There are 4 protein chains.
Amino acid sequence: MAKAGIERARVGVFGATGYVGREAVRLLSAHPGVEVVFSTGSGAGHLAHERGLDQPADAFLLALPHGVSATYAATLRERYPQAVVIDLSGDLRLPDAASYSRWYHQDHPSPALLGQAPYGLTEIYRDRLRQARLIANPGCYATSVLLPLVPLLRSGLVASQGIVVDAKSGATGAGRTLREDLLFCELLDDFSAYSPGRSHRHLGEMEAVLRDTTGHDLALTFCPHLLPVRRGILSSLYLQSQAPADELRQVLASFYAEAPFVRVGDGRPPRLSEVVGTNECHLSVHSAAPGQVVVFSALDNLLKGASGQAVQNLNLALGLPETTGLARANGA
Amino acid sequence: MAKAGIERARVGVFGATGYVGREAVRLLSAHPGVEVVFSTGSGAGHLAHERGLDQPADAFLLALPHGVSATYAATLRERYPQAVVIDLSGDLRLPDAASYSRWYHQDHPSPALLGQAPYGLTEIYRDRLRQARLIANPGCYATSVLLPLVPLLRSGLVASQGIVVDAKSGATGAGRTLREDLLFCELLDDFSAYSPGRSHRHLGEMEAVLRDTTGHDLALTFCPHLLPVRRGILSSLYLQSQAPADELRQVLASFYAEAPFVRVGDGRPPRLSEVVGTNECHLSVHSAAPGQVVVFSALDNLLKGASGQAVQNLNLALGLPETTGLARANGA
Amino acid sequence: MAKAGIERARVGVFGATGYVGREAVRLLSAHPGVEVVFSTGSGAGHLAHERGLDQPADAFLLALPHGVSATYAATLRERYPQAVVIDLSGDLRLPDAASYSRWYHQDHPSPALLGQAPYGLTEIYRDRLRQARLIANPGCYATSVLLPLVPLLRSGLVASQGIVVDAKSGATGAGRTLREDLLFCELLDDFSAYSPGRSHRHLGEMEAVLRDTTGHDLALTFCPHLLPVRRGILSSLYLQSQAPADELRQVLASFYAEAPFVRVGDGRPPRLSEVVGTNECHLSVHSAAPGQVVVFSALDNLLKGASGQAVQNLNLALGLPETTGLARANGA
Amino acid sequence: MAKAGIERARVGVFGATGYVGREAVRLLSAHPGVEVVFSTGSGAGHLAHERGLDQPADAFLLALPHGVSATYAATLRERYPQAVVIDLSGDLRLPDAASYSRWYHQDHPSPALLGQAPYGLTEIYRDRLRQARLIANPGCYATSVLLPLVPLLRSGLVASQGIVVDAKSGATGAGRTLREDLLFCELLDDFSAYSPGRSHRHLGEMEAVLRDTTGHDLALTFCPHLLPVRRGILSSLYLQSQAPADELRQVLASFYAEAPFVRVGDGRPPRLSEVVGTNECHLSVHSAAPGQVVVFSALDNLLKGASGQAVQNLNLALGLPETTGLARANGA
């Protein structure tokens, strides 16, 4: 392991041919502290997933489908108990099997792992992540929503009731999946919402983290939309608050003063193009109707929303500086 | 005039080279009840705007910039008092000069016209529009928001407080303007909000109409976003209601049972591609967090949001069936 | 049949859920001379393909994959010998089985049909098509190339040697196929050539028709490219000629003087947006290096390149005016 | 100067707010051997162009409009005779004033400079560029055409007659210009050719360089097209040759064996996405009709087609390794 003085940590990536896994390999290949010792997936240069289980390494990233990923995590934990395992699927993000069944409509494949993996929202759980050998990397939407919402709710200046999140994601958020609605001719020049209200899976992890971090048992309204762009999430959060926008902006700016990847703007709302290709999340706060504010949160769904944050967490777990290999992780 | 037995009403279009005016000419050219006798604008086949004032007609459509349009409307009213004048700019939509100054940041060019023109939201003001000689055609965002909001608020099942509208528009909504942010290389693969909270002009006309139709003095939160698509608006409305989504859906379905251009769906949220090229507005209602619902409203910003609705209003004012020339106004 | 005085010809469409078949149904549904009595395909309202064979009709359109389509054509010819059968696949376009094997890399499924179906390039084979009960509807690229090339070669003003065609097609040309390279995230903002030189299937039918119509045994250089647009083909033809561009333009203009769907421009090259949604092919001729000219040919691959031309051919075969149901076949 | 032992060369960039100039600043800011001491342009942080003339530096990059650029080059040569001046406009690319007038339709602003600046096609004129104090950086189309054409013509295996170039460029090639045809709503989902045959300016520099490097007085047929993508040029060259494609591929591979930025593929044609964000040019050769071959050439118009090549040339002129600051110049 890197900590023990070996020059570079050996990392294996499972699922390296999807959009998320490919970004992970790209980031890790340019990372000065690690070495990619294998990757699994379809296509030349990749192992079959199962063969990856036989390859020892100091850390493993799992970019596999949910329902599958946890079984790999379980095997890796058994075989390589000293290694860091970061699961980018949704399998380890929820607190218990009942919650998993409610949001994923299937039984959990390895329920014994639940509750063992800290949630990898780096800026919120940094201390737990330094010690972790098993990490549940957050969902892309969840990251974009929780980064502004946790400190604002903690400040007590924002009501825990009536929170509305209108989120918009680029099409890589759906993965490299052969679905008709993801074809070029279906998506170009079109736009729509999906999973409206209370049906998207990320609601489960968002509300679990909010309960954990703020003590509030919230029910969010969350409506995701599919944008005709490739990368990026913009979440628009509508919050009830008697505080002026400036004060809330200051809450965020103070909370993230030392965070290298969160920027709180004081001007116009963030554009996706400002964050795509980076591991950054850009926030802004604006006044709205009396008693309301709107907060915008923009990030790259494949970087801060997936592989970038996974590398950030890997850095912590390996004892490396948090930004290693991520400074302007130019990826577009 | 058509009413008087003359075969086709003669119509003049001011500002026929912008996106809205071009659509107006396209619709009217295929309209069986009217004849385009002139159009103004830059380019071959068009008169200079001022020369249009000398051309008599039974009806005039004004697709000119705000601040200019009302002066043309005033002249046309004087010279051709029997003619129908439909102003597609924002000049005649607000109730008084003070309100105009607050939202348009300039003095009204013809304040004497204010209060004289019914607001051309056809489904809401149909009876007034049949008698009108001067019509204030609604804004595109305003149409998408008011069509669901007026009947829902009138039903008493939805709270008048805490209303949030997260709206997304294609780039033709900004007109054929040579602005850097509208260049292909700036907009492709990008996305952002603009005029967040309480700054967009359409708020003024939305709130004025809501006051007129429901008696409520509302303050909406309204955040528009610029989509990398050419046509279409999707507005996502977040409303507080104790009624189930089904009941609200029924309110809308009943209210629009006879409206040829408003459709209330009972399945997934509407896609822009379903409404682009038509004069239709598609609505859907979905349950959200307890005490909240989300309503989606989709339309083509150049048709039901502008020229299509103007033709719909023209039909009423000329005594023609409301759908004349608009049945599947295929325009994309 | 329509000819026999029955009001509307009954038409069945096989394969109505692909892009081509969907356009066929859309056109025929608005066509005043026909009635769609059934369509096959996946999804609600469609029969299974095989059940369509049991449904009598006056005409059938086959928008099925090559290799399958001819077997349906054979069965329909047997069961309904009076009916018109139009095959939109490549199965019936080549003169013999050997040629089919060379370009499609498989044996022909119904070789007895080869040679029986006139090639449905309407403007070139109009007389044969009026009598036809079985029609081989041309490929989209082939239509765009042959419309300018046949009259120019026949004029004797253009050399039959050294012809280069650089063609670019929108992604609907590849069908509604779940292929990774057709995903939005793969195609947006990208561009490339494919099947360069002598490998694309449409070469076979292009060269067979050129042999038939001009007597020349040509070998074209043909390079198709995949455009990040949804619809439309632009073919750029580079020809050797000592004649000035004006003279060649005049050859085309004379040849197509009576053709309702071919326009020969005399200004700048045609844009895809001018032809998308119509059954038109727009041509232009421009001077190039000494001894060379360039000809541009633009059409909508789903209309004049597929379903529009099929309806044009159906009109001829049913004795209807060629333009019925196609006047400004606005389809985008 | 860097050569003289000072750590970093001081560079000034004129015209840093256009697409080309912005890329130049981006590359130079991350370049380990230089320091950007000023940039001119509109917007914060930039000097007015004229004030840039008063700022001494070791090198200057001019990303100004043609007709203007040469006057700045002349002043800089006078004031700072030791400095390297690289002009990215077309002003210094042609051999004489008559040629400039013919292609640019205006008199040359500083004819005394003509003939003094080696043409900055690095791989062809590397030796001259090492000595140069004034460099004419090539046009984007010209770079994509000349890189394959110069060695192929020199090999004697390709005819100098009948050369056809069908080129396609992303919209940044037209600059950050407020032109209606460059608006998002005009360009999305559309495609067309422009300046067909013999009218594009880059023909002048292409033919001048071919004359200089091969002795042939050629007349190319050159048709550029505007792609609905942001970055990248794909040129398809159609050449007459009796040699097999493999032999021509080998000619290119040998010629560029030591060139760090030119790659000769042996499989499918290059995609724009493979070169966008890099300073590379990817070439492939394919057989076509007998006696013909097709060559594809892909590059990023803002990098190898403009600012990337300018930095490559700057490196040579400053005595730095050619690839400094350009290794995977990830720029998208």
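Not measured: the values here are computed from a predicted model.

How each quantity is defined
- Residues numbered from 1 in each chain as written.
- Chains lettered and ligands numbered in written order.
- Predicted model: local features only at pLDDT ≥ 70, side-chain atom pairs only at ≥ 80, totals over all residues.
- Heavy atoms only, no water.
- Helix = DSSP H or I, 4+ residues; strand = E, 2+ residues; numbered from the N terminus.
- Rg over C-alpha atoms; globule rule 2.2 N^0.38 Å.
- Buried < 20%, exposed > 50% of the residue type's maximum accessible area, 1.4 Å probe, protein only.
- Contact = heavy atoms within 4.5 Å.
- Areas by Shrake-Rupley, 256 points an atom, 1.4 Å probe, with all protein chains shown as cover.
- Lys, Arg positive; Asp, Glu negative; His and termini not counted.
- Charge placed at Lys NZ, Arg CZ, Asp CG, Glu CD.
- Buried area = accessible area lost by both parts, 1.4 Å probe.
- Salt bridge = Lys/Arg side-chain N within 4 Å of Asp/Glu carboxyl O.
- Pairing = 2+ DSSP bridges.
- Axes fitted to C-alpha atoms, helices over the stretch in contact; angles between N-to-C directions.
- Polar contact = N/O pair within 3.5 Å; in protein donor to acceptor, adjacent residues only side chain to side chain.
- Left-handed = near helix turned anticlockwise from the far one by under 90°.
- Least-squares fit on C-alpha atoms with pLDDT ≥ 70 in both.
- Phe/Tyr/Trp six-rings, centres within 6.5 Å; stacked < 30°, edge-to-face > 60°.
- Core = buried A, V, L, I, M, F, W, Y, C linked by side-chain atoms within 4.5 Å.
- pLDDT = per-residue confidence, 0-100.
- Arc of directions from axis to C-beta.

Before going further, it helps to examine the overall build of chain A. Along chain A, the regular secondary structure elements total eleven helices and twelve strands. A compact globule built from 332 residues should have a C-alpha radius of gyration of about 20 Å, and chain A, at 19 Å, falls within 12% of that. With respect to the principal axes defined by its C-alpha atoms, chain A has extents near 60 × 45 × 40 Å. The 332 residues of chain A split such that 64% are buried. Long-range contacts, defined as pairs at least 24 residues apart, comprise 71% of the intrachain contacts of chain A with a sequence gap of at least 6. For chain A, the accessible area works out to roughly 11100 Å², and carbon and sulfur atoms hold 48% of it. Both charge centroids of chain A, one from 29 positive and one from 31 negative side chains, sit 4 Å from each other.

For the rest of this paragraph, the subject is the interface of chain B and chain A. Taken residue by residue, the interface counts 41 residues in chain B and 41 residues in chain A. Of the roughly 3200 Å² buried at the junction of chain B and chain A (both faces included), carbon and sulfur atoms supply 59%. Taken as a group, Asp-189, Phe-191 and Tyr-238 of chain B account for 18% of the area that chain B buries against chain A, more than any other trio of residues on that side. Counting every contact that joins chain B to chain A gives six salt bridges. Mapped onto the side of chain B that touches chain A, the elements with two or more residues apiece are strand 6 (164-169), strand 7 (192-193), strand 8 (221-226), strand 9 (233-240), helix 10 (272-275), strand 11 (281-287) and strand 12 (292-299) of chain B.

So, on to the sheet that holds strand 12 (residues 292-299) of chain C. By definition, the strands of a sheet pair up through backbone hydrogen bonds, in either a parallel or an antiparallel sense. Residues and elements named next belong to chain C. The seven strands lie next to each other as 7-8-6-9-12-11-10, forming an open sheet whose pairing is mixed. Only two strands of the sheet have a single neighbouring strand rather than two, namely strand 7 (192-193) and strand 10 (262-264). Bridging between strand 11 (residues 281-287) and strand 12 involves seven bridges; their strand directions are antiparallel. Of the residues in strand 12, the one forming a bridge with Ser-287 is Val-293. Against the sheet, helix 6 (residues 140-154) engages strand 6 (164-169), strand 8 (221-226), strand 9 (233-240), strand 10, strand 11 and strand 12, with an angle of about 35° to strand 9.

Attention now moves to the interface of chain B and chain D. Contact with chain B, which involves 19 residues of that partner, is made by 19 residues of chain D. Across the chain B/chain D interface, buried area totals approximately 1900 Å², and carbon plus sulfur atoms make up 64% of it. Where chain B meets chain D, there are ten residue pairs in polar contact (both at pLDDT 80 or more).

All names here are of chain A. Closest axis-to-axis distance for the helix 5 (residues 122-131)/helix 11 (residues 303-318) pair is 9 Å, and the angle between their directions is 35°. Between helix 5 and helix 11 lies a crossing whose hand is right-handed. Taken together, the residues of helix 11 that come into contact with helix 5 (itself represented by Thr-122, Glu-123, Arg-126, Leu-129 and Arg-130) are Lys-304, Gln-309, Gln-312, Asn-313, Leu-316 and Ala-317.

With that settled, consider the sheet that holds strand 4 (residues 84-87) of chain A. All names here are of chain A. With parallel pairing, the five strands of this open sheet are ordered in space as 2-1-3-4-5. Looking at the sheet topology across the chains shown, the edges are occupied by strand 2 (34-39) and strand 5 (134-136). Put simply, the sheet's adjacent strands are angled 20° from each other on average, direction ignored. Looking at chain direction, strand 4 and strand 5 are connected through three bridges and run parallel. Within the sheet, the bridge partner assigned to Val-85 lies in strand 5 and is Leu-134. Where helix 1 (residues 19-29) meets the sheet, its contacts fall on strand 1 (9-14), strand 2 and strand 3 (59-62), and the angle it forms with strand 1 comes to roughly 165°. Seen against the sheet, helix 3 (residues 69-79) touches strand 1, strand 3, strand 4 and strand 5 and runs at an angle of roughly 170° to strand 3.

Related by rotation about an axis and a shift along that axis, the two copies of the chain form a pair. Each copy superposes on the other: chain B lies on chain A with an RMSD of 0.0 Å after a rotation of 180° and an axial shift of 0.0 Å. Within this description, the copies of the chain are treated as partners about a two-fold rotation axis. Both copies contact each other with a shared surface, as 100% of the interface residues of chain B are interface residues in chain A too.

Next up on the list: the packing of aromatic side chains. Counting across every chain of the model gives 38 aromatic pairs over all chains. Ring geometry for Tyr-100 of chain A versus Tyr-104 of chain A: centroids 4.7 Å apart, planes at 10°, classification stacked. Here the residue Tyr-100 of chain A and the residue Tyr-104 of chain A both occupy positions in helix 4 (residues 97-104), the gap between them amounting to four residues, near one helical turn. Tyr-104 of chain A sits in the buried class, given a relative accessible area of 5%. Geometrically, the ring pair formed by Tyr-119 of chain B and Tyr-125 of chain B is edge-to-face, given 6.4 Å between the ring centres and 85° between the ring planes. Tyr-125 of chain B shares its class with Tyr-119 of chain B; the two are buried.

Residues and elements named next belong to chain D. Within the largest apolar cluster, 73 residues are counted, with the highest numbers of intra-cluster contacts made by Leu-61, Leu-146, Leu-149, Leu-239 and Leu-314. Broken down by element, this core gets its largest block of residues, ten residues, from helix 6 (residues 140-154). For Leu-239, the contacting residues outside a window of four places in its chain are Leu-149, Leu-152, Val-158, Ile-163, Gly-291, Gln-292, Val-293 and Val-295.

Although it is not a glycine, His-105 of chain A sits at a positive phi angle of roughly 55°. The residue His-105 of chain A is located in the loop between helix 4 and helix 5 in this model. On the basis of relative accessible area, His-105 of chain A is assigned to the exposed category, the value being 65%. Of note, Asp-189 of chain B is a non-glycine position whose phi angle comes to about 65°, a positive value. You can see Asp-189 of chain B is positioned in the loop between helix 7 (184-187) and strand 7. Using a relative accessible area of 12% as the deciding quantity, one classes Asp-189 of chain B as buried.

This brings us to the confidence of the model for chain A. When pLDDT drops low, the exact placement of atoms in the prediction is not to be read closely. Residue and element names in this part refer to chain A. In the predicted model, chain A carries a mean pLDDT of 95, and the fraction of residues at 70 or more is 97%. Within the model, pLDDT remains below 50 along residues 1-5, and this stretch shows twelve contacts once partners closer than five positions in the same chain are excluded. Across the predicted assembly, pTM comes out at 0.95 and ipTM at 0.95.

Moving on to the pairing of strand 12 (residues 292-299) of chain A. All names here are of chain A. Along strand 12, eight of the eight residues are buried, which leaves the element largely enclosed by surrounding structure. Here strand 12 shows two buried faces, one formed by Gln-292, Val-294, Phe-296 and Ala-298 and the other by Val-293, Val-295, Ser-297 and Leu-299. Pairing geometry for strand 9 (residues 233-240) and strand 12, over eight bridges, is antiparallel. Pairing of Leu-234 across the sheet is with Ala-298, part of strand 12. Between the end of strand 11 (residues 281-287) and the start of strand 12, which pair antiparallel, lie four residues, with Gly-291 showing a positive phi angle near 85°.

A few words on helix 9 (residues 245-255) of chain C. A turn of α-helix holds 3.6 residues, and therefore any two residues three or four places apart point the same way. All names here are of chain C. Considered for burial, the residues of helix 9 that qualify are Ala-245, Leu-248, Arg-249, Val-251 and Leu-252. The buried residues of helix 9 occupy one face: seen down the axis, they fall within an arc of 155°. In the core, the buried residues of helix 9 are packed alongside helix 6, strand 10, strand 11 and strand 12.

With respect to the secondary-structure elements, Phe-184 of chain C resides in helix 7 (residues 184-187). By relative accessible area, Phe-184 of chain C is classed as buried at 0%. In sequence terms Phe-184 of chain C and Ser-195 of chain C are eleven residues apart; their C-alpha atoms lie 21 Å from each other. Residue contacts for Phe-184 of chain C: discarding those within four places in its chain leaves Ala-171, Leu-182, Leu-183, Phe-184, Leu-187, Leu-188, Pro-228, Val-229 and Arg-230 of chain A.

The next point concerns the environment of Asn-313 of chain C. All names here are of chain C. Inspection of the secondary structure assignment puts Asn-313 in helix 11 (residues 303-317). Note on Asn-313: relative accessible area 0%, which makes it buried. Not counting residues up to four positions away in its chain, the partners in contact with Asn-313 are Ile-86, Gly-120, Thr-122, Leu-129, Ile-135 and Asn-137. A polar contact of 2.9 Å, which involves the side chain of Asn-313, links it to the side chain of Thr-122.

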